[in-house]
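# Close look at the chain arrangement
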Amino acid sequence: MNAALPVVARRIRVSGIVQGVGFRPLVWRLAQELDLAGWVRNDALGVDIAVEGASAGIARFLQRLRDDAPPLARIDSVNAEEAAPEGLAGFNIAASAGGQSATYIGADVAVCADCLAELFDPAGRRWRHAFITCTHCGPRYTVTRALPYDRPQTSLDPFPLCPDCAGEYGSPANRRFHAETTCCAVCGPRLALADGDGNAIGGDPIAASLNLMRSGAIVAVKGLGGFHLACDARNAEAVARLRRRKNREEKPFAVMAANAASLVAYAKISSQEQSLLECRERPVVLLRAQSGSAAALPGVAPGLLWLGAMLPTTPIHFLLFHEAAGRPAGSDWLAAPQDLVLVMTSANPGGEPIVRDNAEARQRLAGIADAILDHDRDIVSRCDDSVIRPLGRSVQFIRRSRGYASESIRLPRGRPSVLAFGAHLKSSVCVTRGDEAFMSPHIGDLDNAATCAFHEETVARMLDLLEARPQIVAHDLHPDYFSTRAAVGFAAGHGLPAVAVAHHHAHVAAVCAEHGRRGPVLGLALDGVGYGADGQAWGGELLRVDGAQCERLGHLRPLPLPGGDRAAREPWRMAAAVLHELGRNAEIGTRLPQPGAGMVATMLARDINCPRTSSMGRVFDAAAGLLGLCAHMNYEAQAAILLEQAATRHIERHGWPRAIERGWSIGAQGQQGQLDLLALLASLEGTADADQAAARFHATLAAALGEWVAQAAESSGLATLAWGGGCFLNSLLCVGLRQDLEQRGIDVLAPIRLSPGDAAIALGQAQVALDTLER
């Protein structure tokens, strides 16, 4: 420190994602460079810094804390207060301090370029080390038990550092300075490969795993947030075997390739899509398949125009591709196309949560995996793959989980803590703390005991990790959902108020929360089903939402559901419902030659087990059924997906068609605010060109919704619309409707950081609960 200059002191608080990302080493290096004295430490609030030195040096120090922040850091605030100089000498990293947490842990990210260079350096001590990491990459969320983020609080605690690793850990000039997950082959976890009966398979686990997959075997591979089931994506017999064992008849699998260049033969990749594939979060990205993809990857995505693909995330993934490439020295091979393509699908048999630990893998994957490639570093938190796709100049989350789950959403202002239990399907949990909302990783559908247990586990983990003490509990309006019962039980057990939030109100509120929107908006909630305020099945709702207030301005014309929930799985039944509504019940048996068609016609005629729904999802199903695109669904939303891709084929060849004149009506026959699409559906029946008809359906639907919203905007004086619901996963609907509304001068708020589907419901519930407190 320059003794000739006056010494000033500052106490600095940095908040955000600043633990486990190399922030303390950055502070140390800046202090050395700027000749400042003091210390830095982690605590429950983030990073605490005491610094002394020349005034100009401290000013530069404060500026560079933001400008030079590590790549994984997210700085929310830097607050500096004057302090009295204490004559500190040198600068050191002090022991972490405790206290109630106000920070959060960073996300799990892919191996960085520096670690890859070491991984493939035959002369380096981490050559082919399956757990290589540093402050800029690797696991965070899935290995952390508690905060502050220090090694004893992670699943690396059982692996004491060897002298070499300890030297790196303690060296400020090393990128592993205070890297809490660092290790090497001497002191780190160990890989192990066993067959389906638990018998060890000798030899190098990576080489043996690759040989098994090349011979057609299915290998369970332990990843960051759970196991994947992997096999050779070009081996038709292996893919078919995986489908049989996993009972997954047609739902598409994701694939993993070494790099984007290796995917070009199978998918069209724009520069935006390549950036998404290569981003550190490593999501599954939906890509447009090449024309020969179905033959090259038989059975991977049957009958679909899109292919879900991702690049390696963990060192284990990279080592499998390195082995297939012949173990080349250096990392240049990573830029060249590689032959190996693997199916890489979540190991979650029966729709249950992803398998997490080794004992669970042996039990739950018995009869599915031929071998298990595991290791002895525990996964603390399950975290499934994220799935995204480009949408215009932005992206759309289909599933938000690994790589993104720990990112908070800033709320308009600080509030009491809320615990929101989420939806019944595609469930997630939300906890608010101060002015931040934290969304859990993907949990799944709460229709089996294992997923319900995972939901309970997630609630407990989030409250522990955030050290949050909820003051209010929020849940769905449906009284019989597991999430509702769990929320009511939690509230009663802790003496807290519980707020029930209608499903579609929550959809719109989630979008408003994400955009920081206050005040009234129009809301358009389009999905498969949600419990309405009248106890009926809603799903095509035009709303006025103002905080905790929600008014139903209109809805789609309700259609009968012949057979109840069964109609949501068999689109031909929804087609039959349309024929019945058109007065053509007698034609159902001949127009829809399905077993049971006569019985369904009778049910409709007598109104037996035919509850009505305003669901937009069922409108998509009816259209797909009428066009012969899908009679029975083998996975959720299959009919809507096939309808969208039929329209896509036509639009790519011929452009958007004109909307059908008089294809809809609004408020007809005294039904104020009701949008009737029956004429549109009637135009589809008997059409020869299904692709053209599907495109015309989408064009007309966008125009109908646009007019519906415009009428509500004019009558309400509101010019902002927030939309949500699973139907907005249809990219054609999003593009067509946004264009229509913007031409009408209506601003659109759409989900960006969350999925438009039910995974966002928890955030909406939390926002409504907070708004309720202000009433």
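In case you missed it, the structure is sitting above this.
Below or above, wherever it landed, is the structure these notes cover. (Residues numbered from 1 in each chain as written. Predicted model: local features only at pLDDT ≥ 70, side-chain atom pairs only at ≥ 80, totals over all residues. Heavy atoms only, no water.)

### Overview of the overall build of the chain
Within the chain one finds 22 helices and 30 strands. The C-alpha radius of gyration computed for the chain amounts to 28 Å, which stays within 12% of the reference 28 Å derived for 775 residues, consistent with globular compactness. C-alpha extents for the chain along the principal axes are approximately 95 × 65 × 50 Å. The contacts in the chain between residues at least 6 apart in sequence include a share of 72% that link residues at least 24 apart. Accessible surface for the chain amounts to roughly 28,600 Å². Of this, 49% is attributable to carbon and sulfur atoms. (Helix = DSSP H or I, 4+ residues; strand = E, 2+ residues; numbered from the N terminus. Rg over C-alpha atoms; globule rule 2.2 N^0.38 Å. Contact = heavy atoms within 4.5 Å. Areas by Shrake-Rupley, 256 points an atom, 1.4 Å probe, with all protein chains shown as cover.)

### Observations concerning the packing of aromatic side chains
Enumeration over the complete set of coordinates arrives at six aromatic pairs. Relative to Tyr404, the ring of Phe397 has its centre 4.9 Å away and its plane inclined at 85°; by these criteria the two rings are edge-to-face. This pair shows no difference in class: Phe397 is buried, exactly as Tyr404 is. Measuring from ring centre to ring centre gives 5.6 Å for Phe620 and Phe697, while their planes differ by 70°; the resulting arrangement is edge-to-face. On the criterion of sequence distance, the pair formed by Phe620 in helix H17 (residues 616–626) and Phe697 in helix H20 (residues 690–716) is long-range, its members being 77 residues apart. The same class applies to Phe620 and to Phe697, which are both buried. (Phe/Tyr/Trp six-rings, centres within 6.5 Å; stacked < 30°, edge-to-face > 60°. Buried < 20%, exposed > 50% of the residue type's maximum accessible area, 1.4 Å probe, protein only.)

### A word on the sheet that holds strand E3 (residues 46–53)
The strand order across the open sheet formed by five strands is E4-E1-E3-E2-E5, and the pairing between neighbours is mixed. Each edge of the open sheet carries a strand with a single partner, namely strand E4 (74–83) and strand E5 (91–93). Going across the sheet, the axis of each strand differs from the next one's by a mean of 15°, ignoring polarity. Sheet analysis places strand E2 (residues 37–43) next to E5, joined by three bridges and oriented parallel. Bridge pairing in E5 places Val40 opposite Ile93. In the packing of helix H1 (residues 23–33) onto the sheet, contacts are made with strand E1 (8–17), E2, E3, E4 and E5, and the angle to E5 comes to roughly 175°. (Pairing = 2+ DSSP bridges. Axes fitted to C-alpha atoms, helices over the stretch in contact; angles between N-to-C directions.)

### A closer look at the environment of Arg145
With respect to the secondary-structure elements, Arg145 resides in the loop between helix H3 (113–119) and helix H4 (163–169). Using a relative accessible area of 43% as the deciding quantity, one classes Arg145 as partly exposed. Sequence separation between Arg145 and Ser155 is ten residues, and the spatial gap between their C-alpha atoms is 7.3 Å.

### Examining empty space enclosed by the protein
Tallied over the entire structure, the rule returns eight cavities of 30 Å³ or more. Quantified by volume, the largest cavity comes out at close to 110 Å³. Ala130, Leu224, Thr314, Pro315 and Arg377 are the residues nearest the centre of the largest cavity, which is lined by 17 residues in total. Here the residues of the lining of the largest cavity are counted per class, giving nine nonpolar, six polar and two charged. Of the volumes computed, that of the second largest cavity is approximately 90 Å³. Lining the second largest cavity are Arg399, Arg400, Ser428, Met439, Ser440, Pro441, His442, Leu754, Ser755 and Ala759. (1 Å grid on protein atoms, 1.4 Å probe; cavity = no way out; pocket = protein on both sides within 12 Å on 5 of 7 lines; lining within 4 Å. Points joined across faces, edges and corners; volume = space filled by probe spheres on them. Nonpolar A, V, L, I, M, F, W, Y, C, P; charged D, E, K, R; others polar.)

### What about the packing of helix H14 (residues 571–581) against helix H16 (residues 597–606)?
Relative orientation of the contacting elements H14 and H16 amounts to 45°, with a least axis distance of 10 Å. Classified by the interaxial angle, the pair formed by H14 and H16 is oblique. The handedness of the crossing between H14 and H16 is right-handed. Judged by residue contacts, Trp572, Arg573, Ala576, Ala577 and His580 of H14 engage Ala597, Val600, Leu604 and Ala605 from H16. In the contact of H14 with H16, the residues fall into seven nonpolar, one polar and one charged. (Parallel < 35°, antiparallel > 145°, perpendicular 65-115°, else oblique. Left-handed = near helix turned anticlockwise from the far one by under 90°.)

### Brief notes about helix H13 (residues 503–515)
For H13, which comprises 13 residues, the first-to-last C-alpha distance of 19 Å matches the rise-based estimate of 18 Å (1.5 Å per residue) to within 8%. When you tally the buried positions in H13, you get twelve out of 13 residues, the bulk of the element. Along H13, the residues that are buried comprise His503, His504, His505, Ala506, His507, Val508, Ala509, Ala510, Val511, Cys512, Ala513 and Glu514. (Expected span 1.5 Å × (residues − 1).)

### Some details on the pattern of salt bridges
Taken as a whole, this structure holds 55 salt bridges when the rule is applied. Its salt-bridge partner being Arg584, residue Glu685 comes within 2.9 Å of it at the nearest N-O pair. Separated by 101 residues along the polypeptide, Glu685 in the loop between helix H19 (678–684) and H20 and Arg584 in the loop between H14 and helix H15 (588–591) bring together distant segments of the chain. Judged by relative accessible area, Glu685 falls into the buried class, the value being 18%. What you see here is one network of salt bridges that share partners, running through Glu118, Arg125, Arg126, Glu168, Arg175 and Arg176. (Salt bridge = Lys/Arg side-chain N within 4 Å of Asp/Glu carboxyl O.)

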